[in-house]
Amino acid sequence: MGPRGSAGCAASRPARGHACCLYDDVEEYRRRLVAFFADGLRAGCRVAYAGPGGAEQSRADLAGLPDLDRRLDDGSVRISSLQDLYGHTLPVDPDRVVGLYAAATEQALTDGFRGLRVGADGSELVRRPAHLDALTRYEFLADRYMAGRPLSALCGYRLDLGHDTVRELASLHRTCSSGGTGFTVSGCADGAVGLGGQFDPGSVPVLRRLLTRIRAGVDDGVLVVDMAGVEYVDHRLLRTLSAHARAHGVALSLRSAPPFTARLVELLATRDLHLAEVGAEP
């Protein structure tokens, strides 16, 4: 199936900013972070930076932000350490970190801000495969929270983490700098998994790994996939979703699917798919 011109989770149409900066030079991430924070401040948001060094290093990282000292004094800019937020031992605890960001978002609203923008370089949080499992699930759960609340983030990752690792992490962000993927895997506010972009033969193995890492559908007993943003569908994508559902003993439901999807399911034969429902896009 070809491009359809729609994008995003059907359950979370309003755009939110979950962006990723892939870099060789950390100064590139810092420049993008300062611009991201400056835009947030102009929009009336609080901004918060989780820096990998001490307070002085974090201040230096944000040196290009106008009126930094005043902003720190009035609370519109906050600085914390990466270790205090994400933990001093790896892997990260996804639910704990998302809970901390959720509490900070609600506090920002209570304090009169329109939302919260956060930034962190997560490169040091990925040292072993188990670390990637936890960080991937965290990125997905954070994206799901952002679908319904005024939180946005700019995450940084070094390109030398490896091609496969970078592709997986990049695909969990709505926008990404050069080196990203042509598809996205996102969290919808109602718990569904949102897919976007084109899933060609090269991207399907990445999706297969991501579904396992984010534990898609495992906690709910059903994997609901929102396909409103998918621009290309073929049998490989459907079989990958079906295989994941079968392996974890959960039902599979496709919503906002392209009209041709139901016919494609029939052509593949029911024995090849573990599918509970196909819902076409209105």
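Not measured: the values here are computed from a predicted model.

Caption draft 1: Region of interest: the side chain of S152. Mapped onto the fold, S152 is located in strand β5 (residues 151-158). Look at S152 and you get buried, because its relative accessible area is 10%. Beyond its immediate stretch of four places on either side in the chain, S152 contacts G17, F36, L116, R117, V118 and M146.

Caption draft 2: Molecular detail of the state of the cysteines. Under the definition given, this model contains zero disulfides. Left without a disulfide partner, C176 is nearest to the cysteine sulfur of C20, which lies 3.7 Å away. For C176, a relative accessible area of 31% translates into the label partly exposed.

Caption draft 3: Representation of the environment of A216 within the structure. Within the secondary structure layout, A216 lies in the loop between α8 (204-213) and β9 (222-232). A216 sits in the buried class, given a relative accessible area of 3%. Once the C-alpha coordinates of A216 and G191 are considered, the two residues, 25 residues apart in sequence, prove to be 9.5 Å apart. When sequence neighbours within four positions are dropped, the list of residues in contact with A216 reads V193, L211, L223 and H244.

Caption draft 4: Examining the confidence of the model for the chain more closely. Per-residue confidence for the chain gives a mean pLDDT of 87; residues scoring 70 or more make up 88%. Per-residue pLDDT stays below 50 along residues 1-8; that stretch engages in 28 contacts with residues further than four places along the chain or on separate chains. Note that residues 10-15 has pLDDT below 50 and, in this model, 17 contacts with residues that lie over four places away or in other chains.

Caption draft 5: Spotlight on unusual backbone geometry. The omega torsion across L90 and P91 is 0°, close enough to zero to call that bond cis. Inspection of the secondary structure assignment puts P91 in the loop between α4 (82-86) and α5 (94-110). Positive phi, close to 55°, is recorded for D67, a residue that is not glycine. Considering the arrangement of structural elements, one finds D67 in the loop between α2 (55-61) and α3 (68-74). Phi angles above zero are rare outside glycine, and R215 is one such case at about 60°. Relative to the elements of secondary structure, R215 occurs in the loop between α8 and β9. For R215, a relative accessible area of 38% translates into the label partly exposed.

Caption draft 6: Summary view of the sheet that holds strand β1 (residues 18-23). In space, the six strands of this open sheet follow the order β3-β2-β4-β5-β1-β6, with parallel pairing throughout. Since the sheet does not close on itself, it has two edges, and those belong to β3 (77-81) and β6 (175-176), each with one partner. As paired strands, strand β4 (residues 116-121) and β5 are joined by six bridges and run parallel to one another. Counted as the bridge partner of G119 is L154 from β5.

Caption draft 7: The packing of aromatic side chains, seen in detail. Considering all chains together, one arrives at five aromatic pairs under this definition. Chaining the aromatic ring pairs together yields one cluster made of Y86, Y101 and Y138. Over the face of the ring belonging to F36 we find R117, whose NZ or CZ atom lies 4.5 Å from the ring centre.

Caption draft 8: Spotlight on the pattern of salt bridges. On inspection of all chains with the given rule, the structure shows 20 salt bridges. Its salt-bridge partner being E27, residue R30 comes within 2.6 Å of it at the nearest N-O pair. One end of the pair is R30 and the other is E27, both in helix α1 (residues 26-42) and three residues apart, which spans about a single turn. Among the salt bridges present, the one from E168 reaches R213, with a minimum N-O distance of 2.6 Å. Within this pair, whereas E168 is found in helix α7 (residues 163-171), its partner R213 is found in helix α8, the two being separated by 45 residues in sequence. This pair shows no difference in class: E168 is buried, exactly as R213 is. When salt bridges that share partners are traced, they join E124, R127, R158 and D160 into one network.

About the thresholds
Residue numbers restart at each chain and count upward from 1, following the sequence in its written direction. Given that this is a predicted model, residues contribute local features only at a pLDDT of at least 70 and side-chain atom pairs are listed and counted only at 80 or more, while totals for whole chains, interfaces and linings are drawn from all residues. Values shown for side chains rest on all heavy atoms present in the structure; no hydrogens or waters enter the calculation. Secondary structure elements follow DSSP: runs of H or I no shorter than four residues count as helices, runs of E no shorter than two count as strands, and numbering proceeds from the N terminus. Buried residues are those whose accessible area, probed at 1.4 Å on protein chains only, stays under 20% of the maximum for their type, while exposed residues exceed 50% and partly exposed ones sit between those limits. Contact criterion: two residues are considered in contact whenever any of their non-hydrogen atoms come within 4.5 Å of each other. When two cysteine sulfur atoms are found within 2.5 Å, that pair is recorded as a disulfide. Values of pLDDT, the confidence the predictor places in each residue, fall between 0 and 100. Any two strands are treated as partners once DSSP identifies two or more bridges connecting them. Pairing of aromatic side chains here covers Phe, Tyr and the six-membered ring of Trp, requires ring centres within 6.5 Å, and sorts the geometry by plane angle: under 30 degrees stacked, over 60 edge-to-face, intermediate tilted. Lysine NZ or arginine CZ positioned within 6 Å of the ring centre and within 35 degrees of the ring normal marks a charge as sitting over the ring. Here, a salt bridge means any side-chain nitrogen of Lys or Arg that lies within 4 Å of a carboxyl oxygen of Asp or Glu.

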